[in-house]
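Chain and residue survey
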Amino acid sequence: MVALAAVAVVAIWGASGFYRVQPDELGVVMRFGAYNRSAQPGLNYAIPWPVESVTTPRVTRINRVDVGFRAGGEQLQPGRMGNARDVAAESLMLTGDENIVDIDFAIHWRIRDASDYLFNTRNPDDTVKSAAESVMREVIGRTNIQAALTEARAQIELDVRRGTQAVLDQYGAGIEIVQIQMQKVDPPNAVVDAFRDVQRANADRERMRNEAEAYRNDIIPRARGEAERMLAEAQGFRDSQVARARGEAGRFAAVLTAYTQAQDVTSRRIYLETMEEILRRNPVVLVDDRLQGVVPFLQLGTPPAARAPGPVPGQAAPTAAPALIPQTRNPGVTR
């Protein structure tokens, strides 16, 4: 009976070494307190206590650590909890342009190496939190406040994730940082109103600058077009004057050549052409001295000055209006 009892006890003790590892877990077998092997999900066996012991951490679960705030209620939206309480000692950070910014962020992590996780870290949550907070302060210290509040948030999250992962790898923590999620990036509550005033002033400045740019883009091409038009007109007038002057010079040279060859004929021709031009512009009435009782001629038409204006550059001289000739049957009066 004693032998049977001993055998039963040994059988029960041996059977107690069977254990099950769930799909989201990894079995870590320790022999006399030292790491021996890892067990995959399913039914496994280990030498019962006190020889071997098994720990089954959940390696696929995503854990979360909050920095700068503490969640005190149900989750209202992804990444942020209701009734959250700020922790100013963690959230207030100094930016690269010597401003203070209030940043709340969450760290999502999971176990990458179960043995390192169990034997190299005593408090994983505190280790992850301290490393991420330190790296976040370093990254914010290189970033201006305006960039941190607007377009640089994604880059900050990426830099913090990489930096935190490098620190944890250096520690051999067996932890993988899945995501860094920034919850809030605001100025401190004491200066938030003044900061908003500055933001509005910057927005007004940008609006006025855009309006000025639009006005400049409208007026400068118009002025350039007007300048080009004036230059083109001046160029045309210059070319016409030069061509006219060259024509007059050529005409004068031709007349001079003719004059040198036949002075009498040329002089008479010039005199006739000049008189023709003068008489064409001014009406003339010729009266024979032998006539008696001629009625005086009264000019009722347009004055010669208004009727025959001088020639305009680039235009032909206008033809004078015909003069009023007194109607008389005396053949001695001619025009």
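Worth saying up front: this structure is predicted, and the values here are computed from it rather than measured. (Residues numbered from 1 in each chain as written. Predicted model: local features only at pLDDT ≥ 70, side-chain atom pairs only at ≥ 80, totals over all residues. Heavy atoms only, no water.)

**Examining the overall build of the protein chain**
- A tally of regular secondary structure across the protein chain gives nine helices and 13 strands.
- Residue burial in the protein chain is summarised as follows: out of 335 residues, 27% are buried.
- Taking contacts inside the protein chain between residues at least 6 apart in sequence as the whole, the part at least 24 apart equals 65%. (Helix = DSSP H or I, 4+ residues; strand = E, 2+ residues; numbered from the N terminus. Buried < 20%, exposed > 50% of the residue type's maximum accessible area, 1.4 Å probe, protein only. Contact = heavy atoms within 4.5 Å.)

**Observations concerning the packing of aromatic side chains**
- In total, this model carries one aromatic pair according to the counting rule given.
- With centroids separated by 6.1 Å and ring planes inclined at 40°, the aromatic side chains of W109 and Y117 adopt a geometry described as tilted.
- W109 sits in the buried class, given a relative accessible area of 1%.
- By relative accessible area, Y117 is classed as buried at 16%. (Phe/Tyr/Trp six-rings, centres within 6.5 Å; stacked < 30°, edge-to-face > 60°.)

**Observations regarding the pattern of salt bridges**
- If you walk through the whole model with that rule in mind, you get 21 salt bridges.
- A salt bridge links E90 to K129, with the shortest nitrogen-to-oxygen separation between them at 2.6 Å. Residue E90 is found in helix α2 (residues 88-91), and its partner K129 is found in helix α4 (residues 124-140); the two are separated by 39 residues along the sequence. Neither residue differs from the other here; E90 and K129 are each classed as buried.
- When the shortest N-O distance is used, the salt bridge between D218 and R222 registers 3.2 Å. Residue D218 and its partner R222 are both found in helix α7 (residues 192-261); the two are separated by four residues, about one turn of the helix.
- Each of the salt bridges in this network shares a partner with another, and the network as a whole consists of R70, E90 and K129. (Salt bridge = Lys/Arg side-chain N within 4 Å of Asp/Glu carboxyl O.)

**With respect to the nonpolar core**
- Counting 36 residues, the largest nonpolar core has I103, F105, I107, W109, M136 and I156 as the members making the most contacts within it.
- Counting residues per element, the ones that place at least two in this core are β6 (63-67), β12 (100-111), α3 (114-120), α4, α5 (145-149), α6 (153-171) and β13 (175-186).
- Here this core gets seven residues from one element, more than from any other, and that element is α4.
- Beyond its immediate stretch of four places on either side in the chain, M136 contacts M93, F105, I156, V160, I180 and M182.
- With five residues, the next largest nonpolar core counts V21, V29, A39 and A46 among its residues. (Core = buried A, V, L, I, M, F, W, Y, C linked by side-chain atoms within 4.5 Å.)

**Overview of the environment of I270**
- Among the structural elements, I270 can be located in helix α8 (residues 263-281).
- Judged by relative accessible area, I270 falls into the partly exposed class, the value being 37%.
- Separated by 15 residues in the primary sequence, I270 and V255 have C-alpha atoms spaced 9.1 Å apart.

**Observations regarding the sheet that holds strand β2 (residues 27-31)**
- The sheet built from three strands is open, its strands ordered β3-β2-β5 with antiparallel pairing. Where the open sheet ends on each side, the last strands, each with one partner, are β3 (34-39) and β5 (52-55). Averaged over all pairs of adjacent strands, the angle between strand axes in this sheet comes to 30°, irrespective of strand direction.
- Bridge count between β2 and β3: five bridges; the pairing is antiparallel. Bridged to V29 within β3 is R37. (Pairing = 2+ DSSP bridges. Axes fitted to C-alpha atoms, helices over the stretch in contact; angles between N-to-C directions.)

**Regarding the packing of α4 against α6**
- Close contact between α4 and α6 brings their axes to 9 Å; oriented N to C, the two are set at 135°. Taken together, the axes of α4 and α6 are oblique relative to one another. Crossing of α4 over α6 shows right-handed handedness. For the pair α4 and α6, contact is made by T127, V128, A131, A132, V135, M136, V139 and I140 and by I156, D159, V160, G163, T164, V167, L168 and Y171, respectively.
- Considered class by class, the residues forming the contact of α4 with α6 number twelve nonpolar, three polar and one charged. (Parallel < 35°, antiparallel > 145°, perpendicular 65-115°, else oblique. Left-handed = near helix turned anticlockwise from the far one by under 90°. Nonpolar A, V, L, I, M, F, W, Y, C, P; charged D, E, K, R; others polar.)

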